[in-house]
Protein chains: 2
Amino acid sequence: MDQRQALAAFGALSQETRLHIIRMLVVSGPDGMAAGSIAERAEVSPSNVSFHLKELERSGLITQQRESRSIIYTANYEALGGLIRFLMEDCCGGNAEICAPAAAVAACCAPATKEELQ
Amino acid sequence: MDQRQALAAFGALSQETRLHIIRMLVVSGPDGMAAGSIAERAEVSPSNVSFHLKELERSGLITQQRESRSIIYTANYEALGGLIRFLMEDCCGGNAEICAPAAAVAACCAPATKEELQ
DNA sequence: TCAACGATTCAAGGATTATTGAAATATGGA
DNA sequence: TCCATATTTCAATAATCCTTGAATCGTTGA
């Protein structure tokens, strides 16, 4: 993830509806969610959700794929991980005081595999 | 860090000049930087840097303190760490696939202390 | 082919954010 | 007190973003 992508991703996450959408999509995993379901659960109009989904896709945080009549949106785990990494390394310079507590949090809920730790 | 603060922080980081400022302030550490020095190194006008510094302060990512004629701005390490934590836990639900690689990065450059790992 | 469904696009309007330069404020020293 | 320095505030303009509802597009099944 380069700076250009990070700026777009930060902008995407700075809006309440979009942050809500990202959360839902992370929870729903690889199956993703149809635009209509997202609109319903986020309680926004179809055209409004479409606007925000486009913004999120532009930032690379989600991807779409058509499935019959529906369009299924899925969180891009790699991009989200890349953004966290950008925030830690590129933005905060790997500063221990900033990153160590965050790393501790991650270590608690999801220990990294050997491969990932190399 | 609650959602309201996180939204403001993401918005603050979504602008090139402000991201640049945060980077500089993280590097300069507890000593911080005077508004004038920031403006000079970021190559923006004093009034423009003042606008962005106010925005960053409003988001909680930096703090200010007057030192004689200068106003010194300092990165708020706690807030930055809190934002990373928010991104991992609240936004990404502690998802292993997303958080583990990021945790690995942090583990490389700045191992957490025993206390932080508890 | 036609109607219904799921979703996007478009245009208009309002709201927020960014930039600029001039004026104002606060501080310290002569 | 007066001037210079460091910075902010203000007003005006430009640019971007958000919301809304109507129109459009692609897909499916009758």
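Up top is the structure these notes are about.
An account of the accompanying structure is given in this report. (Residues numbered from 1 in each chain as written. Chains lettered and ligands numbered in written order. Predicted model: local features only at pLDDT ≥ 70, side-chain atom pairs only at ≥ 80, totals over all residues. Heavy atoms only, no water.)

Focus: the overall build of chain A
When you go through chain A residue by residue, the secondary structure sums to six helices and three strands. Ordered by position from N to C terminus, the α and β elements of chain A give α-α-β-α-α-β-β-α-α. The proportion of buried residues among the 118 residues of chain A is 48%. Across chain A, the fraction of contacts at a sequence separation of at least 24, relative to all contacts at a separation of at least 6, is 54%. Carbon together with sulfur atoms contributes 47% to the accessible area of chain A, which is approximately 6000 Å² in total. (Helix = DSSP H or I, 4+ residues; strand = E, 2+ residues; numbered from the N terminus. Buried < 20%, exposed > 50% of the residue type's maximum accessible area, 1.4 Å probe, protein only. Contact = heavy atoms within 4.5 Å. Areas by Shrake-Rupley, 256 points an atom, 1.4 Å probe, with all protein chains shown as cover.)

Here's the deal with the sheet that holds strand β2 (residues 62-67) of chain A
The pairing of strands in a sheet happens through backbone hydrogen bonds and is either parallel or antiparallel. Residues and elements named next belong to chain A. Spatially, three strands are ordered β1-β3-β2 in an open sheet, and the strand pairing comes out antiparallel. At either margin of the open sheet sits one strand with a lone partner, and together these are β1 (33-34) and β2. The pairing of β2 with strand β3 (residues 70-75) spans six bridges and is antiparallel. Its bridge partner lying in β3, threonine 63 is registered against threonine 74. Together, β1, β2 and β3 form the strand contacts of helix α2 (residues 16-28), whose direction differs from that of β3 by roughly 90 degrees. The strands touched by helix α4 (residues 46-58) are β2 and β3; relative to β2, the strand with the most contacts, the crossing angle is about 120 degrees. (Pairing = 2+ DSSP bridges. Axes fitted to C-alpha atoms, helices over the stretch in contact; angles between N-to-C directions.)

Things to note about the interface of chain A and chain B
Residue-level contacts link 44 residues of chain A with 44 residues of chain B. Counting across the interface, chain A meets chain B through zero salt bridges. One can count six residue pairs in polar contact (both at pLDDT 80 or more) joining chain A with chain B. Counting residues per element, the ones that place at least two in the side of chain A that touches chain B are α1 (3-13), α2, α5 (77-91) and α6 (96-109) of chain A. The leading source of residues in the side of chain A that touches chain B is α6 of chain A, at 13 residues. (Salt bridge = Lys/Arg side-chain N within 4 Å of Asp/Glu carboxyl O. Polar contact = N/O pair within 3.5 Å; in protein donor to acceptor, adjacent residues only side chain to side chain.)

Let's talk about the sheet that holds strand β2 (residues 62-67) of chain B
With respect to topology, three strands assemble into an open sheet ordered β1-β3-β2 (chain B), the strand pairing being antiparallel. Single-partner strands in this sheet number two, and they are β1 (33-34) and β2 of chain B.

Points about the protein's contact with DNA strand D
With respect to spatial proximity, 20 residues lie near DNA strand D, and among them His52 of chain A together with Gly36, Ser47, Ser50 and Tyr73 of chain B are the closest. Across the atoms of DNA strand D situated within 4 Å of the protein, the share located in sugar and phosphate is 62%. Between arginine 18 of chain A and DNA strand D, the recorded distance is 3.0 Å, taken from a side-chain N or O atom to a phosphate oxygen. In this structure, a phosphate oxygen belonging to DNA strand D sits 2.6 Å away from a main-chain N or O atom of glycine 36 of chain B. If you list the elements that add at least two residues to the surface near DNA strand D, you get α4 of chain A together with α3 (35-42), α4 (46-58) and β3 (70-75) of chain B. Here the surface near DNA strand D is composed, by residue class, of six nonpolar, nine polar and five charged. (Near = heavy atom within 4 Å. Nonpolar A, V, L, I, M, F, W, Y, C, P; charged D, E, K, R; others polar.)

Regarding the protein's contact with DNA strand C
As a structural note, the neighbourhood of DNA strand C is formed by 20 residues, with Gly36, Ser50 and Tyr73 of chain A together with Arg18 and His52 of chain B the closest of them. Here tyrosine 73 of chain A contributes a side-chain N or O atom positioned 2.3 Å from a phosphate oxygen of DNA strand C. At a separation of 3.4 Å, a base oxygen of DNA strand C approaches a polar side-chain atom of arginine 69 of chain B. Mapped by element, the contributors of at least two residues to the surface near DNA strand C are α3 (35-42), α4 and β3 of chain A together with α4 of chain B. Among the residues making up the surface near DNA strand C, the classes are represented as six nonpolar, nine polar and five charged.

Thoughts on the packing of α5 of chain A against helix α2 (residues 16-28) of chain B
Here α5 of chain A crosses α2 of chain B at 55 degrees, and the two axes come no closer than 10 Å. Between α5 of chain A and α2 of chain B, the crossing angle belongs to the class labelled oblique. Across from Phe86, Asp90 and Cys91 of chain A in α5 of chain A, the residues of α2 of chain B making contact are Leu19, Ile22, Arg23 and Val26 of chain B. Counted by class, the contact of α5 of chain A with α2 of chain B contains five nonpolar, no polar and two charged residues. (Parallel < 35°, antiparallel > 145°, perpendicular 65-115°, else oblique.)

Regarding the packing of aromatic side chains
A full pass over the atoms with the stated rule returns three aromatic pairs over all chains. Seen from their ring centres, phenylalanine 10 of chain B and phenylalanine 86 of chain B are 6.3 Å apart, and the 65 degrees between their planes marks the pair as edge-to-face. Of this pair, phenylalanine 10 of chain B sits in helix α1 (residues 3-13) while phenylalanine 86 of chain B sits in helix α5 (residues 77-91), and the two are 76 residues apart along the sequence. In terms of burial, phenylalanine 10 of chain B and phenylalanine 86 of chain B fall into one category: buried. Aromatic rings pair up to connect Phe10 and Phe86 of chain A together with Phe10 and Phe86 of chain B into one cluster. (Phe/Tyr/Trp six-rings, centres within 6.5 Å; stacked < 30°, edge-to-face > 60°.)

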